[in-house]
Amino acid sequence: MKPFYIDYPQEKIEEHQHAYRCAYCKIPTTVIFGLLENHAEDCTYRTQQSKWVQLEAKLKPHSEHFDEPHADEVD
Ligand SMILES: [Zn+2]
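Residues numbered from 1 in each chain as written. Predicted model: local features only at pLDDT ≥ 70, side-chain atom pairs only at ≥ 80, totals over all residues. Heavy atoms only, no water.

**A word on the overall build of the protein**
(1) Moving on: The helix and strand tally for the protein stands at two helices and two strands.
(2) Moving on: Counting from the amino terminus, the protein carries its helices and strands in the arrangement β-β-α-α.
(3) Moving on: Taken over 75 residues, the protein has a buried fraction of 21%.
(4) Moving on: Excluding contacts between residues fewer than 6 apart, the proportion of contacts in the protein whose partners are at least 24 apart in sequence is 28%. (Helix = DSSP H or I, 4+ residues; strand = E, 2+ residues; numbered from the N terminus. Buried < 20%, exposed > 50% of the residue type's maximum accessible area, 1.4 Å probe, protein only. Contact = heavy atoms within 4.5 Å.)

Spelled out as structure tokens, the structure:
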């Protein structure tokens, strides 16, 4: 999972000089703040990203612990 979602299509808000919003759900970037859950629930971008997150979780459930005897467990 990505920590921040900032690769959604943005468009300028006409009424504001330096403000942008999601091209899909029209929510300002200052409100979204890089968080997927701040997009509208039916936002195309949010829907797409959620799908990928679910898919990723399915594809590699425990790939990190694949038969590897304790490599370097450095924090
Ligand atoms: Zn959106």
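Next comes the rest of the description.
**A word on the coordination of the zinc ion**
(1) Moving on: In this structure, C22 (SG), C25 (SG), H39 (ND1) and C43 (SG) serve as the protein donors to the zinc ion, at separations of 2.0 to 2.4 Å.
(2) Moving on: One chain supplies every donor for the zinc ion, spaced along it as C-x2-C-x13-H-x3-C. In this pair, C25 is assigned in the loop between strand 2 (20-22) and helix 1 (29-32) and H39 in the loop between helix 1 and helix 2 (44-59), connecting sequence segments 14 residues apart.
(3) Moving on: Residue classification places H39 among the buried residues on the basis of a relative accessible area of 3%. (Donors = N, O, S within 2.8 Å, 3.2 Å for Na, K, Ca; no water.)

**Re the nonpolar core**
One broad trend across soluble globular proteins is that nonpolar side chains are buried collectively.
(1) Moving on: Core analysis: the biggest nonpolar cluster contains 10 residues, these being Y5, Y8, C22, C25, I27, I32, L36, A40, C43 and Y45.
(2) Moving on: The residues touching A40, leaving out its near neighbours within four places in the chain, are C25, I27 and R46. (Core = buried A, V, L, I, M, F, W, Y, C linked by side-chain atoms within 4.5 Å.)

**Some details on the environment of A19**
(1) Moving on: Counting through the fold element by element, A19 comes out in the loop between strand 1 (10-12) and strand 2.
(2) Moving on: Considering only alpha carbons, one finds A19 and T30, 11 residues apart in sequence, at a separation of 7.9 Å.
(3) Moving on: What A19 contacts, discounting residues up to four positions off in sequence, is E11, K12 and I13.

**Things to note about the pattern of salt bridges**
(1) Moving on: Counted according to the given criterion, the structure contains two salt bridges.
(2) Moving on: Taking the shortest distance from any N to any O, the salt bridge between R21 and E11 comes out at 2.8 Å. With R21 in strand 2 and E11 in strand 1, this pair connects stretches of sequence that are 10 residues apart.
(3) Moving on: When its relative accessible area of 22% is taken as the criterion, R21 is described as partly exposed.
(4) Moving on: Residue classification places E11 among the partly exposed positions, given a relative accessible area of 23%.
(5) Moving on: The partner of E11 in a salt bridge is K26, with the nearest N and O atoms 2.9 Å apart. Of the two residues, E11 sits in strand 1 while K26 sits in the loop between strand 2 and helix 1, which places them 15 residues apart along the sequence.
(6) Moving on: Salt bridges linked by common partners bring E11, R21 and K26 together as one network. (Salt bridge = Lys/Arg side-chain N within 4 Å of Asp/Glu carboxyl O.)

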